[in-house]
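Here's the letter readout for the chains.
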Amino acid sequence: MNVLIYNEFRHEQDPGCAAGKIYPEGIHSAIAGFLRKEPDISVRTVTLDTVAEGITEEILKETDVLIWWGHMNHADVPDRVAELVQEAVLNGMGAVFLHSAHKSKPFMRLMGTSCSLIWRESDDLERVWVSAPYHPIAAGLDRFFEIPADETYGEPFGIPTPDETVLIGWFTGGEVFRSGCTWQRGWGKVFYFQPGHETYPIYYDPNVQTVIRNAVRWAKPERRTENCMDCPNPPKAHTGMSTV
Ligand code: ZN
């Protein structure tokens with residue numbers, strides 16, 4: 001299967017940001033690193049600098065699952081790219097949105113809601129509870145796993161009610177958050193996964209990697225279409241009622 005990872009790749013190149021020390025090659029390379037160990041997964045990456053050439057209609061047709069990480073430069077992603085991603089999902093491509101991608105253009109287009117939340121950077125421990133242990137995205141996880149320090153995200157989270165809430169995060173500051181949510185959008189599957197603030201080594205965490213690996217396999221399309229945006233005008237399907 002073909003996975004395409006988009007990462008804004010700005011924090012990691014900011015000398016004043018800890019992200020560059022944690023992810024010297026970028027968050028996309030860290031995620032690509034563990035996904036490339038899977039024999040059935042082939043990975044490409046694209047960053048904001050090349051997003052217009054790296055996320056085209058043709059490339060998305062060849063992509064089974066798109067992973068998206070962005071934060072401070074959401075607005076610099078061309079609207080056309082967000083539109084292409086939305087259409088590709090409606091046609092069947094899977095999409096996994098990580099952490100601050102809750103405010104990315106393609107996620108907001110797919111949700112149609114504010115996608116807002118509360119947040120705080122105070123090194124809280126996060127306990128991520130598995131609320132749907134039967135779900136494929138939870139395979140291999142215990143009842144919960146812990147992230148020693150994470151940015152706090154809290155409710156209310158301005159999303160449409162998920163089809164499944166697979167994970168619920170609890171933070172030592174007291175907040176809770178729907179940390180792993182799924183939606184069907186047209187023919188495509190969408191997963192949002194909250195952990196992943198850029199100043200913590202969260203994408204090296206084995207449980208986080210398990211969730212992302214599982215999510216990619218879950219979101220892989222079994223079938224897809226090319227014309228979900230069309231409104232066909234066919235002739236009558238039949239000419240009379242059957243008397244049988
Ligand atoms: Zn963050």
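Right, let's walk through the structure included here.

A few points about the sheet that holds strand 8 (residues 176-185)
An order of 2-1-3-4-9-8-7-5-6 is seen for the nine strands of this open sheet, with the pairing classed as mixed. Both edges of this open sheet fall to strand 2 (42-47) and strand 6 (144-154), since each of them pairs with a single strand only. Shown here is a sheet whose adjacent strand axes are inclined to one another by a mean of 25°, direction ignored. By the bridge criterion, six bridges tie strand 8 to strand 9 (residues 188-193) in an arrangement that is antiparallel.

Concerning the coordination of the zinc ion
Protein ligation of the zinc ion involves His99 (NE2), Glu151 (OE) and His197 (ND1), the donor distances falling in the range 2.0 to 2.1 Å. Spacing between the donor residues of the zinc ion along their common chain follows H-x51-E-x45-H. You can see Glu151 sitting in strand 6 and its partner His197 sitting in the loop between strand 9 and helix 7 (206-219), a full 46 residues away along the chain. Under the relative-accessibility criterion, His197 is labelled buried at 2%.

Quick look at helix 7
Between its first and last C-alpha atoms helix 7 spans 20 Å; for 14 residues at 1.5 Å apiece the expected length is 20 Å, and the two agree. Burial analysis of helix 7 places eleven of its 14 residues in the buried class, the great majority of the element. Regarding helix 7, its N-cap is Asp205, as a side-chain oxygen of that residue lies 2.8 Å from the backbone nitrogen of Asn207 further along.

Regarding the state of the cysteines
As enumerated under the stated definition, the model contains zero disulfides in all. Sulfur of Cys231: no disulfide; nearest cysteine sulfur belongs to Cys228 and is 10 Å away. Using a relative accessible area of 73% as the deciding quantity, one classes Cys231 as exposed.

Looking at a nonpolar patch on the surface
On the surface, Ile168, Trp170 and Val176 cluster together to form a nonpolar patch covering roughly 230 Å² of accessible area. For Trp170, the position within the fold is in strand 7 (residues 164-171).

A word on the pattern of salt bridges
Evaluation of the coordinates by the stated rule reveals ten salt bridges. The salt bridge partner of Glu38 is Arg217, with a shortest N-O separation of 2.7 Å. Taken together, the residues Glu38 in the loop between helix 2 (27-35) and strand 2 and Arg217 in helix 7 connect sequence positions 179 residues apart. The buried category is assigned to Glu38, whose relative accessible area is 18%. Here Glu155 makes a salt bridge to Arg178, at a shortest N to O gap of 2.9 Å. Of this pair, Glu155 sits in the loop between strand 6 and strand 7 while Arg178 sits in strand 8, placing them 23 residues apart in sequence. Judged by its relative accessible area of 27%, Glu155 falls in the partly exposed class. Linked by salt bridges that have partners in common, Glu38, Asp40 and Arg217 make up one network.

Section: unusual backbone geometry
Along the chain, Glu155 connects to Pro156 via a cis peptide bond; the corresponding omega equals 5°. Looking at the element boundaries, Pro156 is found in the loop between strand 6 and strand 7. Unusually for a residue other than glycine, His99 sits at a positive phi of about 50°. With respect to the element layout, His99 can be found in the loop between strand 4 (94-98) and helix 6 (105-111). Even without a glycine there, the phi angle at Cys115 is positive, about 55°. Summarising the element assignment, Cys115 is placed in the loop between helix 6 and strand 5 (118-130).

Some details on the environment of Glu8
Mapped onto the fold, Glu8 is located in the loop between strand 1 (2-7) and helix 1 (19-22). Placed 58 residues apart in sequence, Glu8 and Leu66 show a C-alpha to C-alpha distance of 14 Å. Apart from the residues within four sequence positions on either side, Glu8 is in contact with Thr47, Leu48, Trp69, Gly70, His71, Met72, Asn73 and His74. Here Met72 takes part through its backbone nitrogen, which lies 3.1 Å from a polar atom of the side chain of Glu8.

About the criteria used
Residues numbered from 1 in each chain as written. Predicted model: local features only at pLDDT ≥ 70, side-chain atom pairs only at ≥ 80, totals over all residues. Heavy atoms only, no water. Pairing = 2+ DSSP bridges. Helix = DSSP H or I, 4+ residues; strand = E, 2+ residues; numbered from the N terminus. Axes fitted to C-alpha atoms, helices over the stretch in contact; angles between N-to-C directions. Donors = N, O, S within 2.8 Å, 3.2 Å for Na, K, Ca; no water. Buried < 20%, exposed > 50% of the residue type's maximum accessible area, 1.4 Å probe, protein only. Expected span 1.5 Å × (residues − 1). Polar contact = N/O pair within 3.5 Å; in protein donor to acceptor, adjacent residues only side chain to side chain. Disulfide = S-S within 2.5 Å. Patch = residues over 30% accessible without salt bridge, like charges linked within 9 Å, V, L, I, M, F, W, Y side chains within 5 Å. Areas by Shrake-Rupley, 256 points an atom, 1.4 Å probe, with all protein chains shown as cover. Salt bridge = Lys/Arg side-chain N within 4 Å of Asp/Glu carboxyl O. Contact = heavy atoms within 4.5 Å.

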